[in-house]
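Residue strings, one per chain:
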Amino acid sequence: MTTTAEFIALDERWSTHNYHPLPVVIAEGEGAWVTDIEGRRYLDFLSAYSALNFGHRHPALVEAAIRQLDRVTLTSRAFHHDQLGLFCAELTRLTGTEMVLPMNSGAEAVESALKVARKWAYEVKGIPDGTAEIIVAGSNFHGRTTTIISFSTDETARTHFGPFTPGFVVVKYGDAVALRDAITDRTAAVLLEPVQGEAGVIVPPDGYLAEARRLCDEHGVLLIADEIQSGLARTGTLLALDHEHVRADLYTLGKALGGGIVPLSAVVGRRDVLGVLKPGEHGSTFGGNPLACAVGRAVIELLATGEFQQRSTRLGAHLHTRLAELIGHGLAEVRGRGLWAGVDITPGGLSGREASEALAGKGVLCKETHGNTLRIAPPLVISEEDLDRGIDAIAEVVKR
Ligand SMILES: *Cc1c(COP(=O)(O)O)cnc(C)c1O
């Protein structure tokens, strides 16, 4: 087995076809760069959907993982271990929250937040059992489980996966009046992405998130911020909500929390809300395992320095200045915050897929979100020189 074509054929023969990857077979990664099996190097402008905010194999994270591999990797939650409490304490300190529910994937964190919100609604708020509603936004992306796709507005994600979980109300993202009108006596929570990643890096109008907070306070409703993609320094602040000086009652974290090494997610937030869970009511065999907690602690240590938030702010300003210059020269629109952008290629130009393929040919790995929209999310460790190299390639590919 030696060629790109052979490895792709193997994937296509034996793995399900639920993705449509670019024809690149990666063998190694370091920092912002990956190398394919034939020795070609590429700049990573996707960062595994922001799971690689610290780049490939950040030395401090690899060291933490190896140290823990040499001690103990899994205990299950049937017993205590010496990493869980430290991880949770450090994560609450970092995020200014009170309690942590550790899970593995992002979808599990969202599922867990939904379960907790419902339980809180019945046991604390006093909504009649089985009637709680959770308000979500159109064009949301919160994961792929049956309950989560029940409130997706993407037909591709839903078709032939029903019957769906009831209890969700969808309103237009960014529309505070629609949100206000949807709140009823049965509303347990509002679940929002502070920036909608998969929808194309959509930043809501100024004041929307603050108004969502105000409405939730007025009606005794929980605000749940899904920061799985937007959080952990990606937008230049620890959490994307920080830009609006808004606090959520619960946050879902994932992706970069595992340092690009292990799956690690969490729900963090208020003690009086997460505290509704009692033994036996929720869990996960791998959730909060020693290896994941040890890597997570090293991630928290990196984030606590503020260095990555600063890099995202500084490099992001440069990225957005340069992308803005491409409007009218191949790009129709540029959105985003920090080192994160969604760009719409001018209609009639390349599709997002064609642009991604052309970029791969120039040694830059990027991926369309859908249609003619590209997502740009380099690792926050990227140098300004490499960032410019990638932007130059984008400029060449989209210009007509
Ligand atoms: C990726 C993502 C998820 C799901 O995370 P998985 O680890 O893929 O299950 C949930 N919410 C948001 C905002 C995401 O970007």
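Residues numbered from 1 in each chain as written. Predicted model: local features only at pLDDT ≥ 70, side-chain atom pairs only at ≥ 80, totals over all residues. Heavy atoms only, no water.

- As named in an unreviewed UniProt entry, the chain is ornithine aminotransferase, taken from Amycolatopsis alkalitolerans.
- Here is the UniProt Cofactor (unreviewed entry) comment for the chain, exactly as written: "pyridoxal 5'-phosphate".
- UniProt, in the comment section headed Sequence similarities (unreviewed entry), describes the chain in these words: "Belongs to the class-III pyridoxal-phosphate-dependent aminotransferase family." (UniProt positions renumbered as here; feature names shortened; annotations may be inferred.)

Considering the side chain of Arg158
Here comes step 1: For Arg158, the location among the structural elements is in helix H7 (residues 155–158).
Here comes step 2: Accessibility expressed as a relative area gives 17% for Arg158, which makes it buried.
Here comes step 3: A polar atom in the side chain of Arg158 sits 2.8 Å from the backbone oxygen of Ser150.
Here comes step 4: Excluding anything up to four places from it in sequence, Arg158 contacts Ile149, Ser150, Phe151, Ser152 and Phe164. (Helix = DSSP H or I, 4+ residues; strand = E, 2+ residues; numbered from the N terminus. Buried < 20%, exposed > 50% of the residue type's maximum accessible area, 1.4 Å probe, protein only. Polar contact = N/O pair within 3.5 Å; in protein donor to acceptor, adjacent residues only side chain to side chain. Contact = heavy atoms within 4.5 Å.)

As for helix H9 (residues 208–219)
Here comes step 1: Under the 1.5 Å per step criterion, the end-to-end length of H9 is 17 Å for twelve residues, consistent within 8% with the ideal 16 Å.
Here comes step 2: Listed in full, the buried residues belonging to H9 are Tyr208, Leu209, Ala212, Arg213, Leu215 and Cys216. Taken around the axis of H9, the buried residues stretch over an arc of 165°, which confines them to a single face.
Here comes step 3: Downstream of H9 by a residue or two, Gly220 has a phi angle that is positive, lying close to 60°. (Expected span 1.5 Å × (residues − 1). Arc of directions from axis to C-beta.)

Considerations on the side chain of Gln68
Here comes step 1: Its location among the elements puts Gln68 in helix H3 (residues 59–69).
Here comes step 2: Here Gln68 falls in the buried class, since its relative accessible area comes to 3%.
Here comes step 3: Among all residues touching Gln68, those that are not within four sequence positions of it are Thr73, Gln83, Pro290, Leu291 and Ala294.

Some words on the pattern of salt bridges
Here comes step 1: Scanning all chains against the criterion turns up 26 salt bridges.
Here comes step 2: The partner of Asp388 in a salt bridge is Arg322, with the nearest N and O atoms 2.8 Å apart. Here the residue Asp388 occupies a position in helix H14 (residues 384–398), and Arg322 occupies one in helix H12 (residues 307–324), the gap between them amounting to 66 residues. Arg322 matches Asp388 in its accessibility class, with the two residues each being buried. (Salt bridge = Lys/Arg side-chain N within 4 Å of Asp/Glu carboxyl O.)

Regarding the site of the ligand
Here comes step 1: Every residue close to the ligand is listed here: Ser105, Gly106, Ala107, Phe141, His142, Gly143, Glu193, Asp226, Ile228, Gln229 and Lys255.
Here comes step 2: Within the backbone of Ala107, one N or O atom sits 2.8 Å away from an oxygen atom of the ligand.
Here comes step 3: Gln229 has a polar side-chain atom sitting 2.7 Å from an oxygen atom of the ligand.
Here comes step 4: Contact with the protein chains removes 81% of the 380 Å² of surface that the ligand exposes when unbound.
Here comes step 5: Looking at side-chain class alone, the shell around the ligand contains three nonpolar, five polar and three charged residues. (Near = heavy atom within 4 Å. Areas by Shrake-Rupley, 256 points an atom, 1.4 Å probe, with all protein chains shown as cover. Nonpolar A, V, L, I, M, F, W, Y, C, P; charged D, E, K, R; others polar.)

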